[in-house]
Amino acid sequence: QLFSSEKEPTLWRAIPALEHLLSAWEKKKDPRFAIYVDALDAGLNKIMKYYLFLDQKPAFVLALLLHPYFKLNYIEMAWGGAKEQEAERRAGNTNAKNWQDEALKIVENTMRKYWSERPQAAAPQEPVTMLSTSTQDADDFDLHRQALLTRDDEGWQAELQ
């Protein structure tokens, strides 16, 4: 039931759950569990197969980044950033990645794709607000929202400011 819920999104749980399984099963590879080595290896291989599929699906990283608690902190803690990349390179891993940068690239690519494919809304004749139809009564949020809706010069980067 970890991945199903009627009241809240659960996609953000996929990566931590798979990492927890991998970690727990890797710890079982000690002499006390020698008779289970083949089963543990088969299970680890299967989990790793699906874990590696996550690299091809940006939705999982986006779900972590958009989660109000995790954001980039989980990615830095679990996968590392620039410091960890440098340490891995010094240790001889020439393919080491800065996973924080990779996550940000996913966000940028997703936003670039969204921004280029989004339907263009016609600029309303009058500012539309939740509480009022006049600019005099609009609050700062409504004015800012209206400005973003009618501005198309900076693209998606303007939305992230």
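In this convention, every chain numbers its residues from 1, walking through the sequence in written order. Totals for whole chains, interfaces and linings use every residue, but because this is a predicted model, local features are given only for residues with pLDDT of at least 70 and side-chain atom pairs only at 80 or more, for both listing and counting. Side-chain numbers come from the whole structure's heavy atoms, not from hydrogens or water.

(A) The overall build of the protein chain, seen in detail. The secondary structure listing takes helices from DSSP runs of H or I that are at least 4 residues long and strands from runs of E that are at least 2 residues long, numbered from the N terminus. Looking only at helices and strands, the protein chain features seven helices and zero strands. Listing every helix and strand of the protein chain by position from the N terminus yields α-α-α-α-α-α-α. Here the protein chain has roughly 12,200 Å² of accessible surface; of this, 56% comes from carbon and sulfur atoms. Per-residue accessibility takes into account occlusion by the displayed protein chains alone, with areas from the Shrake-Rupley method and a 1.4 Å probe.

(B) Main features of the side chain of Glu19. Within the element layout of this structure, Glu19 appears in helix α1 (residues 14-27). Identification of polar contacts relies on pairs of N or O atoms within 3.5 Å, with a donor-acceptor requirement for protein atoms, meaning one able to donate a hydrogen and the other able to accept it, and with residues adjacent in sequence counted only if both atoms are side-chain atoms. For Glu19, the side chain forms a polar contact with the side chain of Tyr51, separated by 2.6 Å. A polar contact of 2.4 Å, which involves the side chain of Glu19, links it to the side chain of Trp79. Pairs of residues are marked as contacts when any of their non-hydrogen atoms sit within 4.5 Å. Each residue touching Glu19, except ones within four places of it in the same chain, is listed here: Tyr51, Tyr74, Ala78 and Trp79.

(C) Quick peek at the pattern of salt bridges. By salt bridge we mean one thing: a side-chain nitrogen of Lys or Arg within 4 Å of a carboxyl oxygen of Asp or Glu. Taken as a whole, this structure holds five salt bridges when the rule is applied. One salt bridge in this structure joins Asp41 and Lys29, with 2.6 Å as the shortest N-O distance. Taken together, the residues Asp41 in helix α2 (residues 37-53) and Lys29 in the loop between α1 and α2 connect sequence positions 12 residues apart. Only protein chains enter the accessibility calculation, which uses a 1.4 Å probe; a residue is then buried when its area is under 20% of its type maximum, exposed when over 50%, and partly exposed in between. Relative accessible area serves as the criterion here: at 25%, Asp41 is assigned to the partly exposed category. On the accessibility criterion, Lys29 (43% relative accessible area) is partly exposed. For Glu117, the salt bridge goes to Lys113, with nearest N and O atoms at 4.0 Å. With Glu117 and Lys113 both in helix α6 (residues 99-117) and four residues apart, the pair spans about one turn of that helix.

(D) The arrangement of helix α4 (residues 71-79) in detail. Inspection of α4 places Tyr74, Ile75 and Trp79 among the buried residues, and these make up the whole buried set. In an axial view of α4, the angular spread of the buried residues amounts to 95 degrees, which keeps them on one side of the axis. Every exposed residue of α4 that faces more than 90 degrees away from the buried side is listed here: Asn73 and Met77. Just downstream of α4 lies Gly80, where phi reads positive at about 100 degrees. As used here, the arc is the angular range of directions from the helix axis to the C-beta atoms.

(E) Layout of the packing of α4 against α6. Orientation of α4 relative to α6, taken along the N-to-C sense of each, is 145 degrees, at an axis distance of 9 Å. Note on packing geometry: the crossing formed by α4 with α6 is right-handed. Touching Leu72, Ile75, Glu76 and Trp79 of α4 are Trp99, Gln100, Ala103 and Leu104, all from α6. Structural elements are reduced to axes, namely lines fitted to C-alpha atoms, with helices fitted over the stretch in contact, and the angle between N-to-C directions of any two is expressed from 0 to 180 degrees. By convention the crossing between two helices is left-handed if the near helix lies anticlockwise of the far one by an angle smaller than a right angle, and right-handed if it lies clockwise.

Shape is all these values report; function is a separate question.
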